[in-house]
Amino acid sequence: MNRVIVIGAGPSGLSAAITIAENGNEVLILDEYMLAGGRLLGQLYEEENGKWWNGIKESKSLHDKAVALGIEIRLGTPVSNIEKLDGSWVIYTDEETHYTQHLLLATGAAEVPLPIPGWTLPGVMSVGAAQVMTNVHRVKPGNRGVIIGVNVLSSAIAMELKLADIDVACITLPKMNQVTKESGNPMDVMNSLLHVSHMAPSAFVKFGSKLMKNEFMKKMGITFFPKKGVKMWDIPIMLRKAVINIYGENAVEGVTIATINASGEVIEGTEENISADFVCIAGGLYPLAELAAVAGCPFYYIEELGGYVPLHNKRMETVLDGLYVAGNITGVEGAKVAISQGVTAGLAIANNLSGGKQEVEINEAIKRIEHTRDNAFIQFHPAVKEGKEKLQRYWEEYGQEVKVGVTS
Amino acid sequence: MTSRIINHPVLDKVDDTDFVSFTFNNDEIRGLRNESLAAALLANNIRTLRVHEESGTPRGIYCNIGHCFECRVTVNGQQGVRACLTPIQEGMTVSSGEKFLTSVKDWRSNNE
Amino acid sequence: MIICRCEEVTYGELKNTAETYNCSARELKLRTRAGMGYCGGRTCRSMVDSIAHASTERDVTQVTLKYQPPIRPVSFGSLGEITK
Ligand SMILES: Cc1cc2nc3c(=O)[nH]c(=O)nc-3n(C[C@H](O)[C@H](O)[C@H](O)COP(=O)(O)OP(=O)(O)OC[C@H]3O[C@@H](n4cnc5c(N)ncnc54)[C@H](O)[C@@H]3O)c2cc1C
Ligand code: FES
Ligand code: FES
């Protein structure tokens, strides 16, 4: 039995499964969520060509295609552990244990929190939680929210909340400390925003890039940054304010913000309260690679990719025989890159099953990942390409006995 | 008050006619068929899903995608079920976790 | 201010421990229980890491906070027997 198993029904897992099935193999997908699509489900933005990227529709079309190919998708199925026993991968779920020769981990990313006093109160949620509530479940996370953390994901989601007629009082910084670090420093935030200035929806960023050509101007820009913020989609982006507390009796009632200086220090006596019934925390994303870790993959910390990533080559093969990775587990990027990584992993698996019939296609698929990356609409880290190159160097250094035909 | 987003400028309209009923801490709640327990409760303005087992502080959803386990409730007698991953079903009995009588921390410091 | 939501370990507690013992993320976790809660550290691990790495160097070739199976709590029933 050569049934391939894929963990994760996000864009990368679904695309991989489709590719594997199209090449004549059986596939089983396991996912703990209640719908197929992973984090693609919540995505909604207008692309440069004016078309909407509707995550629900994109997920449905991937899902329908997979089902039409006879792929079995088991939702509501958390995988709690994997291990290699007698040459097979063993996959443990609550109900059943599965075995396979070829296992793909496509478990995506998780959110990084920013700790703020009061952040355990009901009504405080990660920004992704608000995205899913709004776009997938279509329930308002609240009527008036404050978003803490200014970055690509939070500005994209702020716009999505606005579309659903949810009031966003402001997007602002967390109070700086050892954990929030750069996220709490106006200069660092400004710098990171400048890197994404090609991102179409960001009127604010355009405003920034015109003004902030050099360090001096940036410093000036931050120093004179309007305390009330600059508006984007009518939402004030406040880089000179930080949330110092979230208050409420049994649920969020509001946040206390204060003015901060250009290096992020709170200016005493400037505290004021903003009422809100929900708060979103946006600290960024990191690859969710726990299964690769318990399997024993070597890991490297690559900041540009969002944190620790399991070592893998361009064909998405890890150093462990029969274990592959694709999507955000290999570094945080948008869904289109995840899809092209899924296709590549799928081809690599099909190729290993067929004894080398997909070589040409694999090389094309690898090029397509790079092309997709170069044209990506959303970029979580400006230097993701450098991050990928670092990983490639680690792969080479690792001195792995190169498998059939691997070229870099 | 939070509410549903039935009409949306880009996404399809939501069908808000097919309801199912379940109970949460003995209160009868109505939600839309196939929606998550967390969404159904929020649509009914319920944010607190449990209290922290030791300190008793109220907790609600945090990640909404199964990562944080903050939303865990007891469903039909089974503990530790994540409300954000669980579709509601007619007649489901759901309850919050309770604060432990003896603090686990105290127990640990005496027994470890 | 809480860092580890599951175990309710605070920023102050973690910072003090990190400074007192000048310790690695792993040791910080063992000393405070931050990261040993129900979620398996998924929520707090990056924060615990940052606090530790303010006092020690990060080893880029190793995950600082080890992952231990099961990575999702397994219900007693499905283990086939009641353990511990
Ligand atoms: C909260 C959030 C919001 C995001 N928003 C955007 C956005 O607006 N725009 C954008 O371009 N990108 C966004 N991203 C990035 C997103 O990760 C990628 O766009 C893309 O969805 C990655 O695809 P993937 O297939 O790698 O993983 P995912 O889409 O994350 O899918 C992974 C799947 O694996 C499942 N899974 C994980 N672990 C297990 C397990 N142990 N057992 C069973 N199933 C498991 C999950 O349930 C999930 O369905 C977001 C990411 C997150 C985490
Ligand atoms: S809200 Fe995080 S697991 Fe449900
Ligand atoms: S938040 Fe620390 S273990 Fe869950």
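Residues numbered from 1 in each chain as written. Chains lettered and ligands numbered in written order. Predicted model: local features only at pLDDT ≥ 70, side-chain atom pairs only at ≥ 80, totals over all residues. Heavy atoms only, no water.

Asker: Tell me about the overall build of chain B, and please be specific about residues and values.
Answerer: Looking only at helices and strands, one finds 2 helices and 7 strands in chain B. The linear arrangement of helices and strands in chain B, starting from the amino end, is β-β-α-β-β-β-β-β-α. Expressed as a percentage of the 112 residues in chain B, the buried residues total 54%. For chain B, the share of sequence-separated contacts (at least 6 apart) that also reach a separation of at least 24 residues comes to 44%. Accessible area of chain B: about 5400 Å², with a carbon and sulfur share of 45%. (Helix = DSSP H or I, 4+ residues; strand = E, 2+ residues; numbered from the N terminus. Buried < 20%, exposed > 50% of the residue type's maximum accessible area, 1.4 Å probe, protein only. Contact = heavy atoms within 4.5 Å. Areas by Shrake-Rupley, 256 points an atom, 1.4 Å probe, with all protein chains shown as cover.)

Asker: Could you give an account of the pairing of strand β20 (residues 299-302) of chain A, naming the residues involved and the relevant values?
Answerer: Residue and element names in this part refer to chain A. Looking at chain direction, β20 and strand β21 (residues 307-310) are connected through 4 bridges and run antiparallel. Within β21, the residue paired with Phe299 across the bridge is Pro310. Linking β20 back to β21 in an antiparallel pair, the connection comprises 4 residues, with Gly306 at a positive phi of about 105°. (Pairing = 2+ DSSP bridges.)

Asker: For the site of ligand 1, give the residues involved together with the corresponding values.
Answerer: Taken together, 36 residues lie around ligand 1, and Ser12, Asp31, Arg39, Gln43 and Asn328 of chain A are the ones closest in. Ligand 1 sits at the junction of chains A and C, each of which supplies nearby residues. Measuring from a nitrogen atom of ligand 1, one finds a side-chain N or O atom of Arg72 of chain C at 3.4 Å. Put simply, the parts of the chain that give the shell around ligand 1 at least two residues each are α1 (11-22), β10 (109-111), α3 (127-137) and α9 (335-354) of chain A. The residue inventory of the shell around ligand 1, partitioned by class, reads 17 nonpolar, 13 polar and 6 charged. (Near = heavy atom within 4 Å. Polar contact = N/O pair within 3.5 Å; in protein donor to acceptor, adjacent residues only side chain to side chain. Nonpolar A, V, L, I, M, F, W, Y, C, P; charged D, E, K, R; others polar.)

Asker: Which residues make up the interface of chain A and chain B, and what are the values?
Answerer: Facing 42 residues of chain A, the contacting portion of chain B comprises 38 residues. Between chain A and chain B, a total of about 3200 Å² is buried, with carbon and sulfur atoms accounting for 60% of that surface. Here chain A and chain B share 2 salt bridges between them. A salt bridge links Lys57 of chain A to Asp12 of chain B, with the shortest nitrogen-to-oxygen separation between them at 3.7 Å. Scanning the region where chain A abuts chain B turns up 9 residue pairs in polar contact (both at pLDDT 80 or more). (Buried area = accessible area lost by both parts, 1.4 Å probe. Salt bridge = Lys/Arg side-chain N within 4 Å of Asp/Glu carboxyl O.)

Asker: Account for the interface of chain C and chain B, with residues named and values stated.
Answerer: Contacts between the two partners involve 13 residues from chain C, matched on the other side by 16 residues from chain B. Overall, the association of chain C and chain B removes approximately 1200 Å² of surface from exposure, summing both partners, and the carbon and sulfur fraction of that is 45%. On the chain C side of the contact with chain B, Arg5, Glu8 and Tyr38 of chain C bury the most area, a combined 45% of that side's loss. For Arg59 of chain B, the salt bridge goes to Glu8 of chain C, with nearest N and O atoms at 2.6 Å. Where chain C touches chain B, the interface holds 7 residue pairs in polar contact (both at pLDDT 80 or more). Of the residues assigned to the side of chain C that touches chain B, the class counts are 5 nonpolar, 2 polar and 6 charged.

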